[in-house]
Structure formats: structure tokens, C-alpha cells
Amino acid sequence: MKKRIILITGANRGLGAATGIKLSEQGHHVIFTARNNHKLSILKKQLSHQHSSVDFIPLDVTRPDSIIEAHHTIANHYPQIDTLINNAGIYTSGTVDISTINDQAILEAFTTNTLGPLKITQQFLPLIKQSPEGIIVNVSSGMGAIVEMDSGSPAYRISKTALNVTTKLLHHELYEQGIKVNSVCPGWVRTEMGGPSATLSIDEGIRGIIWAATLKKKGPSGGFFRHGKPLQW
Ligand SMILES: NC(=O)c1ccc[n+]([C@@H]2O[C@H](COP(=O)([O-])OP(=O)(O)OC[C@H]3O[C@@H](n4cnc5c(N)ncnc54)[C@H](OP(=O)(O)O)[C@@H]3O)[C@@H](O)[C@H]2O)c1
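Here's what I pulled together on the structure shown here.

Cut-off values and rules
- Residues numbered from 1 in each chain as written.
- Predicted model: local features only at pLDDT ≥ 70, side-chain atom pairs only at ≥ 80, totals over all residues.
- Heavy atoms only, no water.
- Near = heavy atom within 4 Å.
- Polar contact = N/O pair within 3.5 Å; in protein donor to acceptor, adjacent residues only side chain to side chain.
- 1 Å grid on protein atoms, 1.4 Å probe; cavity = no way out; pocket = protein on both sides within 12 Å on 5 of 7 lines; lining within 4 Å.
- Sits in = over half its atoms within 2 Å of the grid points.
- Nonpolar A, V, L, I, M, F, W, Y, C, P; charged D, E, K, R; others polar.
- Pairing = 2+ DSSP bridges.
- Helix = DSSP H or I, 4+ residues; strand = E, 2+ residues; numbered from the N terminus.
- Contact = heavy atoms within 4.5 Å.
- Axes fitted to C-alpha atoms, helices over the stretch in contact; angles between N-to-C directions.
- Core = buried A, V, L, I, M, F, W, Y, C linked by side-chain atoms within 4.5 Å.
- Buried < 20%, exposed > 50% of the residue type's maximum accessible area, 1.4 Å probe, protein only.
- Points joined across faces, edges and corners; volume = space filled by probe spheres on them.

Considerations on the site of the ligand
As a matter of local geometry, the ligand sits amid 29 residues, with Asn12, Lys39, Asn87, Tyr156 and Thr191 nearest to it. The separation between a nitrogen atom of the ligand and a polar side-chain atom of Asp60 is 2.9 Å. Judged by the proximity of its atoms to the pocket grid, the ligand belongs to the largest pocket. Class assignment of the residues belonging to the shell around the ligand gives a composition of 11 nonpolar, 12 polar and six charged.

Focus on the sheet that holds strand β6 (residues 180–185)
Spatially, β3-β2-β1-β4-β5-β6-β7-β8 is the arrangement adopted by the eight strands of the open sheet, whose pairing is mixed. Both edges of this open sheet fall to β3 (54–58) and β8 (229–230), since each of them pairs with a single strand only. Pairing of strand β2 (residues 29–34) with β3 involves five bridges; the strand directions are parallel. Counterpart to Ile31 in the pairing with β3 is Asp55. Packed on one face of the sheet, helix α4 (residues 103–129) meets β1 (5–8), β4 (83–86) and β5 (135–139) and runs near 175° to β4.

A closer look at the nonpolar core
Judged by nonpolar contacts, the single largest core of 27 residues is most densely connected at Ile8, Leu23, Phe32, Phe56, Ile85, Val137 and Ile209. Of all the secondary-structure elements, those providing two or more residues to this core are β1, α1 (14–25), β2, α2 (37–48), β3, β5 and α6 (202–213). The element contributing the most residues to this core is α6, with five residues. Beyond its immediate stretch of four places on either side in the chain, Phe32 contacts Ile8, Ala11, Ala17, Gly20, Ile21, Leu40, Leu43, Leu47, Val54, Asp55, Phe56 and Ile57. If you look at the next biggest cluster of nonpolar residues, it comprises 23 residues, including Val61, Ile81, Phe124 and Leu125.

Structural notes on the layout of surface pockets
The computed volume of the largest pocket comes to approximately 930 Å³. What lines the largest pocket is a set of 39 residues, and nearest its centre among them are Gly89, Ile90, Tyr156, Thr191 and Met193. Put simply, the parts of the chain that give the lining of the largest pocket at least two residues each are α1 and α5 (154–174). For the lining of the largest pocket, the residue count by class is 15 nonpolar, 15 polar and nine charged. Roughly 200 Å³ of internal volume is contained in the second largest pocket. Around the second largest pocket sit Met1, Lys2, Arg4, Gln26, His28, Glu133, Thr214, Leu215, Lys216 and Lys217, which together line it. Residue composition of the lining of the second largest pocket, grouped by class: two nonpolar, three polar and five charged.

See the structure below:
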């Protein structure tokens, strides 16, 4: 197995933390990032004993100053990023209808779930280009798939559909440069976001993210996957 340097956003809890822990157990070097320094230091305390190949850096995906600062720190320490996992996300306005939703709710979800991954990708792209096999994973959702489009959660759905479009566009621009870009839906997972009634455990939810984050050189790009199986957009 090739050891990868992996950067994950929103990695202080839920799918992001579990994905980072599993990848570091597999021997990869994982840079955990989170917007909340306090939560990051708790995670650091928990992991530093048993996981040696880890790093912890503050990063709020909605704040340009935070993105620039995190990039500065990382670029000073690492020659390349092999995998970027855009995992940070928010779920808002679940019970609101599209016919009544206000601009603010849509913009809030869009800023974190769509623009966040795009800005992070833009900032870290020079480092990803240094990798011989760069990979970008956008953690999306079946709720953003047009073929599965249902009612409810309009802000979240719009933001994840737009994230999927971003994945496709990045794929077309970056594939020839050896960088694979995919969207992944983890399924409905028991995290703070998914809630206790969700059908999947965190271990089950992260499998497809780990698969996409460690694809072989000839692996797919420009696709949408759940548990490693293609999904329709
Ligand atoms: N759970 C599901 O059923 C499910 C289904 C489909 C897709 N997903 C997607 O999977 C991803 C992870 O979800 P999850 O279930 O693990 O959710 P979660 O438990 O709510 O965790 C979300 C993570 O994102 C972080 N975050 C939010 N806004 C951020 C920002 N501006 N900058 C940096 N980090 C930020 C949170 O940090 P704080 O602790 O600071 O809030 C937290 O670490 C999300 O993109 C979500 O849309 C989840």
C-alpha cells in the first residue's frame, strides 16, 4: 500500500473523525482539520497516543482567512497532498419548503457545502498537483441526486446538487493532470447530522469514503458513488 498524505475537513466528529482515524490506522498520514480549536485539541489528546502519523490544524471552510492560514501552515510542512477529503458539511432547514425558504438559509448551506469544498480545492490544488496520484473526494449526499430528488430540506439538497456539479467540472479540468475527483454519498449514517434513527453505523458510512480516498491509479473519476457503487446524478 502506498502511504498517502490525506487532508480532511470537518474532522473533529462524525464521519470526518472516523474516516481520519481509520485511514491513519491503515498507515496513511492524516491531517485532521476542524473549525473549532477546542474540539480539535480534544481529538488531538485522544489520538496522539495511539496514532503517530497524524496532524491537527484549524480550518473553517467558510472563512477565507482561515483557509489561507491553514494552507500556509500545511504548505510549510508538507511537499504534497495526495488526497483531499471535503467532508465538512451542515444540514439546515429540514422542515422548510422550497416555496417559502428564505435566501439566508440557502446561502448558509451553499457557503459551507458547496463553496467551502470549492475554495478548499482551489487553495490546495497546487499541493495536490505535486502528488503523482492526486485524489479529491467531495462528501455529498443522495439528497443532492436529481434522480432521487424528493421534497424537504431544500437548502441542503440544492447545496449538494451544486457540489455534484462542482465534482464534474473539476473532473473535466483535472483528470488530464492525473487528479481524480469524485462525489461520495455515505448513506444515512448515525452521526449528529444523521440522527439516531439512521440505518448505518459510522463504520459502515465511512467505507465508501475510504474507498474513494485511496483509489488505485486506474480508479474512476468524475463519478458519484455510495459504498463504492456508482450512483446516478
Ligand atoms: N450522516 C449522514 O447521514 C449523511 C448522509 C449523507 C451525507 N452526509 C455528509 O457527510 C458529511 C459529514 O457529515 P456527518 O454526518 O459526519 O455530520 P456531523 O456529525 O454533523 O459533522 C459535520 C462536521 O462538519 C464540520 N463543519 C461544519 N461546518 C464547518 C465549517 N464551516 N468548517 C469546518 N468544519 C465544519 C463540523 O464541525 P463542528 O463540530 O465545528 O460543527 C463537523 O465536524 C457532510 O458533508 C454531510 O453532508 C452525511
